[in-house]
Amino acid sequence: MSRDLIVALSGGIGGAKLALGLSHVVAPENLLIIANTGDDFEHLGLSISPDIDTLAYTLAGLDNQVLGWGRRDETWSFMETLETIGGPTWFRLGDRDLALHVERTRRLKAGEALSSITADVARRWGIGPRIVPMSDDPVRTKVLAEAGWLDFQDYFVGQQCRPVVRQLAFEGAAQARAHPDMIAALASPRLKAVVICPSNPFISVEPILAVPGVRAALAGCGAPVIAVSPIIGGKAVKGPTAKMMAELGLEVSAAGVAARYGALLTHYMLDHQDAGATIAQTASVAQTMMRTLDDKIALARAVLDAVA
Ligand code: GDP
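Residues numbered from 1 in each chain as written. Predicted model: local features only at pLDDT ≥ 70, side-chain atom pairs only at ≥ 80, totals over all residues. Heavy atoms only, no water.

1. So, the site of the ligand
Then comes step 1: Taken together, 23 residues sit near the ligand, with Ser 204, Pro 230, Val 237, Thr 241 and Thr 288 positioned nearest.
Then comes step 2: One of the side-chain N or O atoms of Ser 199 is found 2.7 Å from an oxygen atom in the ligand.
Then comes step 3: Take Thr 241: an N or O atom from its side chain is 2.5 Å from an oxygen atom of the ligand.
Then comes step 4: In the complex, the protein chains occlude 94% of the 590 Å² of accessible area that the ligand would expose alone.
Then comes step 5: Most atoms of the ligand, that is more than half of them, are within 2 Å of grid points of the largest pocket.
Then comes step 6: Element by element, the count of residues in the shell around the ligand is highest for helix α1 (residues 13-25), at four residues.
Then comes step 7: The residue makeup of the shell around the ligand, split by class, is nine nonpolar, 10 polar and four charged. (Near = heavy atom within 4 Å. Polar contact = N/O pair within 3.5 Å; in protein donor to acceptor, adjacent residues only side chain to side chain. Areas by Shrake-Rupley, 256 points an atom, 1.4 Å probe, with all protein chains shown as cover. 1 Å grid on protein atoms, 1.4 Å probe; cavity = no way out; pocket = protein on both sides within 12 Å on 5 of 7 lines; lining within 4 Å. Sits in = over half its atoms within 2 Å of the grid points. Helix = DSSP H or I, 4+ residues; strand = E, 2+ residues; numbered from the N terminus. Nonpolar A, V, L, I, M, F, W, Y, C, P; charged D, E, K, R; others polar.)

2. Comments concerning the pattern of salt bridges
Then comes step 1: Using the criterion set out here, one finds 15 salt bridges in the structure.
Then comes step 2: Across the pair Arg 107 and Glu 112 runs a salt bridge, and its minimum N-O distance is 2.9 Å.
Then comes step 3: With relative accessibility at 13%, the residue Arg 107 sits in the buried group.
Then comes step 4: By relative accessible area, which is 24% here, Glu 112 ends up partly exposed.
Then comes step 5: Each of the salt bridges in this network shares a partner with another, and the network as a whole consists of Arg 107, Glu 112, Asp 120, Arg 123 and Arg 124. (Salt bridge = Lys/Arg side-chain N within 4 Å of Asp/Glu carboxyl O. Buried < 20%, exposed > 50% of the residue type's maximum accessible area, 1.4 Å probe, protein only.)

3. Observations concerning the sheet that holds strand β7 (residues 148-151)
Remark on secondary structure: sheet strands pair via backbone hydrogen bonds, oriented parallel or antiparallel.
Then comes step 1: In spatial order, the strands read β7-β6-β8; together these three strands make up an open sheet with antiparallel pairing. This sheet does not close on itself; its edge strands, each paired only once, are β7 and β8 (167-171). Direction aside, the axes of adjacent strands within the sheet are offset by 30° on average.
Then comes step 2: Where strand β6 (residues 140-145) and β8 come together, five bridges link them in antiparallel fashion. Note that in β8 the partner of Leu 144 across the bridge is Gln 167.
Then comes step 3: Strand contacts of helix α8 (residues 201-209): β6 and β8, with the helix running at about 40° to β8, the strand carrying the most contacts. (Pairing = 2+ DSSP bridges. Axes fitted to C-alpha atoms, helices over the stretch in contact; angles between N-to-C directions. Contact = heavy atoms within 4.5 Å.)

4. Re helix α4 (residues 95-109)
Because each turn of an α-helix spans 3.6 residues, side chains separated by three or four positions in sequence point in the same direction.
Then comes step 1: In this model α4 runs 21 Å from its N-terminal to its C-terminal C-alpha over 15 residues, within 8% of the 21 Å that 1.5 Å per residue would give.
Then comes step 2: For α4, the set of buried residues is Asp 97, Leu 98, Leu 100, His 101, Arg 104, Thr 105 and Arg 107.
Then comes step 3: In this structure, the buried side of α4 is in contact with β4 (46-48), α2 (50-59), α3 (77-84) and α5 (114-124).
Then comes step 4: The first or second residue beyond α4 is Gly 111, which carries a positive phi of 105°. (Expected span 1.5 Å × (residues − 1).)

5. Remarks on the environment of Leu 5
Then comes step 1: Looking at where Leu 5 falls in the secondary structure, it is placed in strand β1 (residues 5-10).
Then comes step 2: Taking the C-alpha atoms as reference points, Leu 5 and Ser 188, separated by 183 residues in sequence, lie 8.4 Å from one another.
Then comes step 3: Here Leu 5 is in contact with Asn 30, Ala 185, Ser 188, Arg 190, Leu 191, Lys 192 and Ala 193, once residues within four sequence places are set aside.

6. Thoughts on α5
Then comes step 1: Of the residues making up α5, those classed as buried are Leu 114, Ser 115, Ile 117, Thr 118, Asp 120, Val 121 and Ala 122.
Then comes step 2: Where α5 is buried, its residues meet α2, α4 and β5 (130-133).
Then comes step 3: Positive backbone phi, approximately 75°, marks Gly 126, located one or two places after α5.

7. Considering the sheet that holds β1
Then comes step 1: What the seven strands build is an open sheet, ordered β5-β2-β1-β9-β10-β13-β14; its pairing is parallel. Looking at strand neighbours, the two that pair on one side only are β5 and β14 (282-286), the edges of this open sheet. For this sheet the average axis-to-axis angle between neighbouring strands, irrespective of direction, equals 25°.
Then comes step 2: With three bridges joining them, strand β10 (residues 225-228) and strand β13 (residues 267-271) adopt parallel strand pairing. Bridging across to β13, Val 228 finds its partner in Met 269.
Then comes step 3: The strands touched by α1 within the sheet are β1, β2 (31-35), β9 (191-196) and β10, with β2 carrying the most contacts at an inclination of about 170°.

Written out as structure tokens, the structure is:
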């Protein structure tokens with residue numbers, strides 16, 4: 001049996017960039033993308049899954065490249081009207097985006113699993129690779145700041161990551177069942193490599209690792225496990241990764257992320273800027289800044305070459 005299956009663990013924006021690159025170099029039936037659901041929340045009565053949606057929009061070519069998040073060709077009538085009647089406007093929901101949340105909420109309420117809804121939407125949008133939530137059970141990331149525990153989206157969007165992070169917790173993770181397709185893929189003799197995308201380790205990857213059985217499945221998978229650094233030259237490309245590392249008392253560097261993942265990884269991909277870093281895993285170097293589609297495809301190739 002040939003080893004051709006790639007499992008990618010992903011958060012939202014950084015993860016989706018590499019997932020898109022991988023989708024150009026791996027046959028769709030051989031790519032399984034596991035999405036973090038720790039950012040999911042309920043808002044205005046709707047079930048919102050930001051990382052699944054970022055992956056789906058990106059892989060369907062529907063992502064908003066002007067804003068850098070959300071959907072392409074977005075309009076904001078709902079939000080504008082909501083404001084006039086005094087509704088909460090701190091979390092911006094575009095009109096087109098809203099349709100996805102309304103429909104997902106309806107189907108979840110009817111008893112359908114998140115993974116089934118995700119697969120159906122992906123199929124309708126012509127997405128080749130499978131996007132699978134880490135679990136169909138709710139997991140909710142919480143952030144311990146000075147003022148106490150915050151819901152993730154209150155910290156991330158509401159307070160724009162300003163509070164100093166002391167600790168993170170993944171509510172519900174201990175009771176959550178890892179999605180069976182993820183566990184089966186990690187145990188498959190077809191598994192060629194696991195790719196941990198350049199996502200925020202604390203709020204995008206560690207929620208996936210917190211689901212019982214995932215760390216053990218990775219440790220026992222028998223295939224290379226490679227992470228791409230989300231830190232380039234001591235800085236995050238976007239978002240609070242570097243700020244969180246400093247607040248959690250870790251070295252803010254590509255090597256700091258490699259140390260955080262530790263023995264979970266066999267391989268690590270650094271940017272050229274960090275080529276001199278000392279890390280415990282087998283290191284490779286590439287251009288890891290992904291601005292264009294070509295950058296994403298080139299990095300995906302480099303990652304697969306590194307573990308070949
Ligand atoms: P979120 O869930 O939307 O916050 O997105 P992720 O967790 O998937 O990605 C956020 C991380 O991606 C941040 O740490 C960024 O530094 C990193 N990132 C974003 N774009 C790039 C890129 O082009 N290259 C690399 N190496 N990292 C990136």
